[in-house]
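Letter by letter, the chains look like this.
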Amino acid sequence: MDWHFSPTTGSPYWLERATSLEFDPRVDVKSFEDLTLFPNVTNELRDVRAQDLIPQGYGPHPEVIGVFESGGTTGAPKRIVMLRDWWDSELARQVAHLEAQGLPRNRNWLALLPSGPHMAGALLRSQAAAMGGVPFTIDMDPRWVKKVIAAGNADEANAYAEHLIDQAAFVLQTQDIGVLWTTPPLLERLARRDDLVELVREKVQLIGWAGAHMDVDTRQLYRTEIFPGLTIVGSYGSTMVLGGAPERLGLTDEDPCIFDPPSPYITFSVVEPDTGRTVPNGERGQVVMNHVSKSFLLPNNLERDMATRMSPLEGQVGDSVADVTPVQQFDNETVIEGVY
Amino acid sequence: MSTTAELPALDALGPTGAYHTHERQTITDVAGNPLAELSLVPKLYVTRAMAALHKAETLGVDERLAALARAGEAHATGTVDGVPAAQHQFIVSRASGMPISVVRSAGEAIARSAAEVYRSVQYARPVGAVNHWRDPLTRTGRAVWTRRGDVFAVHAPGNHPGVHGLWLEALALGYRVAVRPSRRDPFTPHRLISALRAAGFGDDQVVLLPCGYDAADEILRGADLAMAYGGEDVMRKFAGYSTMLPQGPGRSKILLTADVDWREHLDVIAASISHEGGRACVNTTAVFVQGDTAPVARAIAERLAAIPSLPPEDEHAVLPVLPLADAQTVERHLLARAAGAVPWLGGDGVVDDLGDGSAVLRPAVHELDRPDAEQAGVELAFPCVWVAPWTPEAALEPLKDTLVLTAITHDTHLVDRLVAEPTIANVYVGDHPTYWIEPGIPHDGYLADFLMRTKAVIRD
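Every value quoted in this text rests on a predicted model; they were computed, and no experiment measured them.

Parameters at a glance
- Residues numbered from 1 in each chain as written.
- Chains lettered and ligands numbered in written order.
- Predicted model: local features only at pLDDT ≥ 70, side-chain atom pairs only at ≥ 80, totals over all residues.
- Heavy atoms only, no water.
- Salt bridge = Lys/Arg side-chain N within 4 Å of Asp/Glu carboxyl O.
- Helix = DSSP H or I, 4+ residues; strand = E, 2+ residues; numbered from the N terminus.
- Buried < 20%, exposed > 50% of the residue type's maximum accessible area, 1.4 Å probe, protein only.
- Phe/Tyr/Trp six-rings, centres within 6.5 Å; stacked < 30°, edge-to-face > 60°.
- Lys NZ or Arg CZ within 6 Å of the ring centre and 35° of its normal.
- Pairing = 2+ DSSP bridges.
- Axes fitted to C-alpha atoms, helices over the stretch in contact; angles between N-to-C directions.
- Contact = heavy atoms within 4.5 Å.
- Buried area = accessible area lost by both parts, 1.4 Å probe.
- Polar contact = N/O pair within 3.5 Å; in protein donor to acceptor, adjacent residues only side chain to side chain.
- Nonpolar A, V, L, I, M, F, W, Y, C, P; charged D, E, K, R; others polar.

J.: Can you help me understand the pattern of salt bridges in this one?
T.: Side-chain pairs of opposite charge can arise whenever the charged atoms involved come near each other. All names here are of chain B. Applying the stated criterion across every chain, the model contains 40 salt bridges over all chains. With a closest N to O distance of 3.0 Å, Arg 221 and Glu 218 form a salt bridge. Of the two residues, Arg 221 and Glu 218 both sit in helix α9 (residues 213–222), three residues apart, roughly one turn of that helix. Assessed through its relative accessible area of 44%, Arg 221 is described here as partly exposed.

So this is what it looks like as structure tokens:
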């Protein structure tokens, strides 16, 4: 807190924002629990000048990897700045985790993930390189899909998604791809095409998924029926925490899909949506994410996900989460007329 | 929860057998007591199940007709998966709130549809068409009646178990079939499909895919042709898709002209409103009267008022039952829509609390003052009728958009026009209730009109 709120090292954004806080972060925030004192400022990241997010402690020439943006599901995108030191440490953690999952080095990667200003695509390129592989990518603009879906144009959304799979097909057919990263909806589309399933079975050793939700039954179908013998691992993260939580090692087909965040930098809690109180272990609630590192501070960010609160790994701060799903859209039971 | 762990499991019935999922929904009875845990399949499973249906064989026609007849009989009176018919009917009645006598009759009707399905579908075959290209008539050129596809999907409703008699016609015609059950009554299609499998249909020829909305769309996507039940929203969603057959509102009506004495037809009128728990698309929603509407409304109200409030499993139950909160929602909607109408029955409300968390929906009778009053199209899933005036000047306009119109009249010129009107699906003239339905008689056109086409064949 000293780093982020000291006039010499803090970012212009947080120093300005601190003037309207009802507490003094440097005095009052002493523990993980105290992060809940912060208001959820995530929405302000839609408008703030990106340079103002960089802590001044990095000096006049910080090494910026890139400016990354949220998906843009709800209006204007939110923006964060990725600095070299955090990027390197996040990369090292993820690579170590993949190696622990048995992923061999020197395999080529195919990332069917958002390109452009999104973090996932960029992170995957660096990971592939760090593991001695060559990254192959496709063009993918998730915002366009959301826009045409919102406009009720399901056919166009469908055509765009098939276009993404077509791009992947060319790479899978002609290149030696050992690692495939994608989103659950795209993996489902890929699995519809028998020829692509066959190619993946032949060539790929690990399928990683991120950026959406995969239920236990679907995960089990992939692991037992569609891609038996392949390693299939998930990652649950967010651009707003500058990274993610990998799937816990050694889970069986029957286990819930548990994600452990790299605390203390990225931490989760699972709360009742109405009260904000932490739910008991094993109960479902809405996910709150925190990022606290030297390069960035974003505490108390209520995500649009529900999850089961799980016991963390030893030494981990906060909660682990499992069975992540979107916040439910409750049907208001207004449908009454008619007999069906 | 330990109690739900002991609930009977209602698995999906997939192309390689029963499929038990982690994602499940507890199906409760109308009082909120859990009855079963329904497996909900993910979209990916649907994709693969539909692909399996496409790859599957079709049983020969003799085999499938015999299997259909056996399955219908087992469903109605036998024991399926260890569940005797009486127990099944009790569960459906408790889950859906449908009077048990209606559930039992629906089972019998399904058995009859299954037994007579070949005759039924043959009525839909154009007189110029033969069933097979090997028919000698094709040597000189002939139409052959053929399927428009191989895989048919149904988004089934839960309003009435009898709806499951219809898609049996698709099986008879050689389609492989996927059914997405309603969460209000997954029991009926589960039992029927289990019986079909026991009778000889392969697991990859008829499947039950309970699922959420996202996966439900995948069932339609994976089928060649599909039928979905729903309201105006479903009609709009699928309008313009030649591969979709939306089944929309019924808005069935009765017309009483001045040249008949309506008192002689009161039995048919009252039964058309209250039969089938008032939940079927063939139940009468509006009665149009040429002449004074008040005596008609009064007489109907007197008849319907005498029906007792009973739990659905009672042999004498006639009225539908819902969870109390749902019943209150329906009541609020009725009272809001009835503003401006004259209430003869149910004007203060229709909910009769049974005290166990469930409530009977008692009948409602309202009188409208204009032929074009919009309430006449308000179809609610309980005995609820709107009595409106009709004049020859109003003509056909108020009678349009109707599944069944019973015209009690001697005016054959009027009947000519009713039969010619495209938005009236069925016309019953005289003392016939709107819910009359028979195998071989079209319900909303023949389903086979949608499932089949003719194809020219000539050979040496």
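J.: Can you help me understand the packing of aromatic side chains in this one?
T.: Scanning the model with the defined rule gives 15 aromatic pairs over all chains in all. Considering the side-chain rings of Phe 23 of chain A and Phe 38 of chain A, the 5.2 Å spacing of their centres and the 80° angle between planes classify their relative orientation as edge-to-face. Residue Phe 23 of chain A is located in the loop between α2 (12–18) and α3 (25–28), and its partner Phe 38 of chain A is located in the loop between α3 and β1 (64–69); the two are separated by 15 residues in the primary sequence. Taken individually, Phe 23 of chain A and Phe 38 of chain A each receive the classification buried, so the pair is uniform in this respect. Ring centres 5.7 Å apart and planes at 70° place the aromatic pair Trp 86 of chain A and Tyr 265 of chain A in the edge-to-face group. On the criterion of sequence distance, the pair formed by Trp 86 of chain A in helix α4 (residues 84–100) and Tyr 265 of chain A in the loop between β9 (258–259) and β10 (266–271) is long-range, its members being 179 residues apart. Grouping aromatic residues by their ring pairs yields a cluster made of Phe 5, Tyr 13, Trp 14, Phe 23 and Phe 38 of chain A. Against the face of Tyr 175 of chain B rests Arg 147 of chain B, its NZ or CZ located 6.0 Å from the ring centre.

J.: Is there a simple way to explain the sheet that holds strand β5 (residues 177–182) of chain A in this structure?
T.: By way of backbone hydrogen bonds, the strands of a sheet pair with one another, either parallel or antiparallel. Residues and elements named next belong to chain A. Overall, mixed pairing links the six strands, which are arranged β4-β3-β5-β6-β7-β8 in an open sheet. Of all strands in the sheet, those bounded by a partner on one side alone are β4 (135–137) and β8 (243–246). Adjacent strand axes in the sheet meet at a mean angle of 25° when their direction is disregarded. Bridge count between strand β3 (residues 108–112) and β4: three bridges; the pairing is parallel. Bridged to Trp 109 within β4 is Pro 135.

J.: I would appreciate a short explanation of the interface of chain B and chain A in the present structure.
T.: Reports of interface size often rely on the accessible area that becomes lost once the parts have come together. At the junction of the two partners, chain B supplies 33 residues and chain A supplies 21 residues. Per-residue buried area on chain B facing chain A is highest for His 22, Leu 44 and Arg 48 of chain B; these three make up 30% of the total on that side. Linking chain B with chain A are three salt bridges. Among the ionic pairs, Glu 225 of chain A bridges to Arg 48 of chain B, the shortest N-O distance being 3.5 Å. Counting the contacts that link chain B with chain A gives four residue pairs in polar contact (both at pLDDT 80 or more). Partitioned by chemical class, the residues of the side of chain B that touches chain A number 14 nonpolar, nine polar and 10 charged.

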